[in-house]
Amino acid sequence: MNPIGQSLGAGLVEQLAPRVLTPAFAFWAGGLLALWTAGYGSTWATGLAALPTVLQVLLLAAVLMLVAASAVLAEHLTLPVLRLLEGYWPELLAAPMREQTVRRRERIAKSLRELTAKAFHGEAGPEDERLRTIAEHQLFDLPAEAGSTMPTRLGNILRAAEDRPRARYGLDPVLCWPHLWLSLDKETQAELTLARKGLDDAARLWLWCLLFAVWTPWNRWALLVALIGCPAVYYGAMLPKARAYGLLMQSVFDLHRRRVYRGLGWPAPADAAGEPAAGQEVTTYLWRGIAPPGMRFATEDED
């Protein structure tokens, strides 16, 4: 039975390793350390030493299963956590922060117009150029329309990335994305998947930092870890990952949007000037199934 046991053990490790070696492990290990330093360590050590070897192994397996199960649960909570951090809140909470962001955007836009005017008249110095660059980056992370503004920085970065294909090409990114995704080559899909995974991983790490505060009753430093970890992950990981993912999504629309037209058999716009109107017609068709009067869809042979 020994070879069978080794084979089963190897298979179990192979299955559990991706789940165990995650922030979930750090969460439970940190909690164990908090309890240990609170005075429970000697009691546990004595109790574990008194158990038979078989029970010790089973207890270890149970602990690993607990870590793996909590990691799976955190994966299922990734999307709700992201939506929470994006600012999908009750209107009573979201409205004041949205209004504050709109006013901030107006101030930045006004400053950028003044700096651009100085540059146009040849009056801008090095400091003016530096401030102009900063203002352009700040506006890039904010939606152009006040109605699209979100109450958080993460939400505004992602919403701004979603709004750009709509503004430039008339294509609604939410409705067009499944059709565009299915037409992409495997390499492009892999790059997008990797970028989205980075954002999801950062969201789960933020969640584990927040949950680490549950160990505070046993040790106060757990609260310090949560208070430092959450903003560090948000500003150091989530915002850059969201910006990278948004830029990649925009690049996909810039380079491959006409695949949506070809896939639907829809006549592609003749020039850039007519593209927003054509994109709006495609969006209407995908949402309501209504095509413009006289629309003739191309067949596969014609395509």
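The structure under discussion appears in the preceding block.
Just so you know, these numbers come straight off a predicted model, no measurement behind them.

## Notes on the overall build of the protein
Logical step 1: From N to C terminus, the protein includes 12 helices and 0 strands.
Logical step 2: Over its C-alpha trace the protein gives a radius of gyration of 26 Å, far above what one expects of a compact globule, namely 19 Å for 303 residues.
Logical step 3: Each principal axis of the C-alpha atoms in the protein carries an extent, and together these give about 80 × 60 × 40 Å.
Logical step 4: Looking at the protein as a whole, 34% of its 303 residues qualify as buried.
Logical step 5: Sequence separation of 24 or more characterises 70% of the internal contacts of the protein that already satisfy a separation of 6 or more.

## Quick look at the packing of aromatic side chains
Logical step 1: Going through the model one piece at a time under the given rule, you end up with 11 aromatic pairs.
Logical step 2: Ring centres 6.3 Å apart and planes at 80° place the aromatic pair Phe27 and Phe212 in the edge-to-face group. Highlighted residues: Phe27 in helix α2 (residues 23–50) and Phe212 in the loop between α9 (186–211) and α10 (221–256), separated in sequence by 185 residues. By the burial criterion, Phe27 is buried, and Phe212 matches it.
Logical step 3: Arranged with centres 5.0 Å apart and planes meeting at 85°, the rings of Tyr234 and Tyr235 form a pair that is edge-to-face.
Logical step 4: When its relative accessible area of 11% is taken as the criterion, Tyr234 is described as buried.
Logical step 5: Three or more aromatic residues joined by ring pairs form one cluster here, namely Phe27, Trp28, Trp208, Phe212, Trp215, Trp218 and Trp221.

## Let's talk about helix α12 (residues 275–288)
Logical step 1: With 14 residues, α12 should cover 20 Å at 1.5 Å per step; its first-to-last C-alpha distance of 20 Å lies within 8% of that length.
Logical step 2: What α12 keeps buried is the set Glu275, Ala278, Gly279, Val282 and Thr283. With its buried residues spanning 140° around the axis, α12 presents them on a single face. Seen from the buried face of α12, the exposed residues on the opposite side, beyond 90 degrees, are Trp287 and Arg288.
Logical step 3: Tucked into the core, α12 has its buried residues touching α7 (153–169), α8 (173–183) and α11 (258–264).
Logical step 4: Positive phi shows up at Gly289, right after α12, with a value of about 75°.

## Quick notes on the packing of α9 against α10
Logical step 1: Between α9 and α10, the shortest axis-to-axis distance is 9 Å and the interhelical angle comes to 160°. Looking at the two axes, α9 sits roughly antiparallel to α10. Crossing of α9 over α10 shows left-handed handedness.
Logical step 2: Residue composition of the contact of α9 with α10, by class: 20 nonpolar, 4 polar and 3 charged.

## Examining a nonpolar patch on the surface
Logical step 1: Where nonpolar side chains cluster on the molecular surface, the patch consists of Leu48, Leu51, Val54, Leu55, Leu58, Leu59 and Val63 and spans about 580 Å² of accessible area.
Logical step 2: A total of 5 residues in the nonpolar patch trace back to one element, the largest contributor, which is helix α3 (residues 53–76).
Logical step 3: Inspection of the secondary structure assignment puts Leu55 in helix α3.
Logical step 4: Residue class for Leu55 comes out partly exposed when judged on its relative accessible area of 41%.

## Overview of the nonpolar core
Burial of nonpolar side chains together is a common tendency in soluble globular proteins.
Logical step 1: One finds Leu154, Trp206 and Met238 to be the most contacted residues of the largest nonpolar core, which totals 47 residues.
Logical step 2: Top contributing element to this core by residue count: α10, with 12 residues.
Logical step 3: Those residues in contact with Met238, other than ones at most four positions away along the chain, are Leu82, Leu85, Leu154, Leu199, Ala202, Ala203, Trp206 and Val233.
Logical step 4: In terms of nonpolar packing, the next biggest core, distinct from the first, is built from 6 residues, Ile108, Ala109, Leu112 and Ala135 among them.

Calculation criteria
- Residues numbered from 1 in each chain as written.
- Predicted model: local features only at pLDDT ≥ 70, side-chain atom pairs only at ≥ 80, totals over all residues.
- Heavy atoms only, no water.
- Helix = DSSP H or I, 4+ residues; strand = E, 2+ residues; numbered from the N terminus.
- Rg over C-alpha atoms; globule rule 2.2 N^0.38 Å.
- Buried < 20%, exposed > 50% of the residue type's maximum accessible area, 1.4 Å probe, protein only.
- Contact = heavy atoms within 4.5 Å.
- Phe/Tyr/Trp six-rings, centres within 6.5 Å; stacked < 30°, edge-to-face > 60°.
- Expected span 1.5 Å × (residues − 1).
- Arc of directions from axis to C-beta.
- Axes fitted to C-alpha atoms, helices over the stretch in contact; angles between N-to-C directions.
- Parallel < 35°, antiparallel > 145°, perpendicular 65-115°, else oblique.
- Left-handed = near helix turned anticlockwise from the far one by under 90°.
- Nonpolar A, V, L, I, M, F, W, Y, C, P; charged D, E, K, R; others polar.
- Patch = residues over 30% accessible without salt bridge, like charges linked within 9 Å, V, L, I, M, F, W, Y side chains within 5 Å.
- Areas by Shrake-Rupley, 256 points an atom, 1.4 Å probe, with all protein chains shown as cover.
- Salt bridge = Lys/Arg side-chain N within 4 Å of Asp/Glu carboxyl O.
- Core = buried A, V, L, I, M, F, W, Y, C linked by side-chain atoms within 4.5 Å.

Treat this as a map of the structure, not an account of what it does.
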